[in-house]
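Below, each chain spelled out in residue letters.
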Amino acid sequence: MRRAASLWTSFCREGLSWIYPSKCALCGLIAEGSPCDVCASQMELATPQFISESTESPLAFRACVFAYQGRAAQSVRKLKYSRSTSLSHFMAAQVAIRVRQVAEENCLIVPVPLHRSRLAVRGFNQAELCSAQLSGFDSSALRRIRATRPQAGLTLRERERNLEGAFWSSPSVAGRPIVLTDDVVTSGHTARECARALREAGAVSVGIVAFCGNLV
Ligand SMILES: [Zn+2]
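Rules behind the numbers
- Residues numbered from 1 in each chain as written.
- Predicted model: local features only at pLDDT ≥ 70, side-chain atom pairs only at ≥ 80, totals over all residues.
- Heavy atoms only, no water.
- Pairing = 2+ DSSP bridges.
- Helix = DSSP H or I, 4+ residues; strand = E, 2+ residues; numbered from the N terminus.
- Contact = heavy atoms within 4.5 Å.
- Axes fitted to C-alpha atoms, helices over the stretch in contact; angles between N-to-C directions.
- Donors = N, O, S within 2.8 Å, 3.2 Å for Na, K, Ca; no water.
- Tetrahedral: all angles 85-135°; square planar, octahedral: opposite > 155°, others 65-115°.
- Salt bridge = Lys/Arg side-chain N within 4 Å of Asp/Glu carboxyl O.
- Buried < 20%, exposed > 50% of the residue type's maximum accessible area, 1.4 Å probe, protein only.
- Left-handed = near helix turned anticlockwise from the far one by under 90°.
- Nonpolar A, V, L, I, M, F, W, Y, C, P; charged D, E, K, R; others polar.
- Phe/Tyr/Trp six-rings, centres within 6.5 Å; stacked < 30°, edge-to-face > 60°.
- Expected span 1.5 Å × (residues − 1).

Student: Sorry if this is basic, but what is going on with the sheet that holds strand E2 (residues 61-67) here?
Tutor: The pairing of strands in a sheet comes from backbone hydrogen bonds and takes either a parallel or an antiparallel form. Sheet architecture is open: 5 strands sit in the order E1-E2-E7-E6-E3, paired in mixed fashion. Two strands close off the open sheet at either side, each with one partner strand: strand E1 (49-50) and strand E3 (108-111). One ladder, built from 2 bridges, connects E1 with E2; its direction is antiparallel. When the sheet's bridge partners are listed, Phe 50 is paired in E2 with Phe 61. Sitting on the sheet, helix H3 (residues 70-81) is in contact with E2, strand E6 (177-185) and strand E7 (205-213), with an inclination near 95° to E7.

What follows is the structure in structure tokens.
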């Protein structure tokens, strides 16, 4: 009986994949994975940047997997605004590889948080999806306690003011090296503000790993 049920399930699955073949969320072509191999090969790798302490930046490094352009930028937009969550497995795998390359083994992974009002509208935090293949990630260590305007379109000064006091860090981060994770880093204002809150709560170091980012 169980064997018959399992055969029926696999028959239905085969039938569905024949009627609705899986497609790459980026180019729309029928493919096994999303993104397909061609779209993935078009993403340009970025070099991790280690930041000197003399710059007074609260960040120790900024390590993006890909440049924020072309297919990588399209992945970010598709995940966030078109809910193409089929891309998140690939994005999380890339973030996990980069974290292992640049971070200490005992680091605590902290996804950049969304304010609860935005989380309620979107239904998911893309930074958390990008952390899904890392063990030891803690999405309660850092909270966005104030709703902020989107950073895009704001001047430098407006971006700084927009994020002032927007984050709260749990004291549980004291004594730990932290790796923030996100889908994209552009100006870095959000990452620096998160890092400032974490350092004030006693984190020994903070770096950020993102799926993609502006080349700096
Ligand atoms: Zn494709």
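Student: I keep staring at the coordination of the zinc ion and nothing clicks. Help me out?
Tutor: Reference values for coordination geometry: four tetrahedral donors around a metal ideally subtend 109.5 degrees, six octahedral donors ideally subtend 90 or 180 degrees. Ligation of the zinc ion by protein atoms is provided by Cys 24 (SG), Cys 27 (SG), Cys 36 (SG) and Cys 39 (SG), these donors lying 2.3 to 2.4 Å from the ion. Considering all 4 donor atoms around the zinc ion, the spread of angles at the metal, 104 to 115°, places the coordination shape in the tetrahedral class.

Student: What am I meant to see in the pattern of salt bridges here?
Tutor: Oppositely charged side chains can pair when the atoms bearing their charge come close. Applying the stated criterion across every chain, the model contains 4 salt bridges. With a shortest N-O distance of 3.2 Å, Asp 183 and Lys 80 are connected by a salt bridge. Of this pair, Asp 183 sits in strand E6 while Lys 80 sits in helix H3; the two residues are 103 residues apart in sequence, bridging distant segments of the chain. The burial state of Asp 183 is the same as that of Lys 80; both residues are buried. In this structure, Arg 157 engages Glu 160 in a salt bridge whose closest nitrogen and oxygen atoms are separated by 3.2 Å. Highlighted residues: Arg 157 and Glu 160, both in helix H7 (residues 156-163), separated by 3 residues, approximately one helical turn. The partly exposed category is assigned to Arg 157, whose relative accessible area is 41%. Here Glu 160 falls in the partly exposed class, since its relative accessible area comes to 34%.

Student: Explain the packing of H7 against helix H8 (residues 189-200) to me, please; I cannot follow it from the model alone.
Tutor: The packing of two helices is summarised by the inter-axis angle and the distance between the axes. For the pair H7 and H8, the least separation of the axes is 10 Å and the interaxial angle reads 35°. For the crossing formed where H7 meets H8, the hand is right-handed. Contacts from Leu 156, Arg 159, Glu 160 and Leu 163 in H7 reach His 189, Thr 190 and Glu 193 in H8. Residue composition of the contact of H7 with H8, grouped by class: 2 nonpolar, 2 polar and 3 charged.

Student: I would appreciate a short explanation of the packing of aromatic side chains in the present structure.
Tutor: When we look at a pair of aromatic rings, we describe it by the centre distance and by the angle of the planes. The full count for this structure, using the stated rule, is 4 aromatic pairs. Between Phe 50 and Phe 61 the ring centres are 5.8 Å apart and the planes differ by 50°, which places this aromatic pair in the tilted class. Residue Phe 50 is found in strand E1, and its partner Phe 61 is found in strand E2; the two are separated by 11 residues along the sequence. Taking the relative accessible area as the measure of exposure, Phe 61 reaches 9% and is therefore buried. When the centroid spacing of 6.2 Å and the interplanar angle of 75° are considered together, the rings of Phe 90 and Phe 211 count as edge-to-face. Of this pair, Phe 90 sits in helix H4 (residues 88-102) while Phe 211 sits in strand E7, placing them 121 residues apart in sequence. You'll find Phe 90 and Phe 211 in the same group, each marked buried. Pairwise contacts between aromatic rings join Phe 66, Phe 90 and Phe 211 into one cluster.

Student: Mind showing me how you'd approach H8 here?
Tutor: Taking 1.5 Å per residue, 12 residues should reach 16 Å; H8 reaches 17 Å between its end C-alpha atoms and fits that length. Of the residues making up H8, those classed as buried are His 189, Thr 190, Ala 191, Glu 193, Cys 194, Ala 195, Ala 197 and Leu 198. Buried-residue contacts for H8 involve strand E4 (142-144), H7, strand E5 (167-169), E6 and E7. Trailing H8 by a residue or two, Gly 202 shows a phi angle of about 105°, which is positive.

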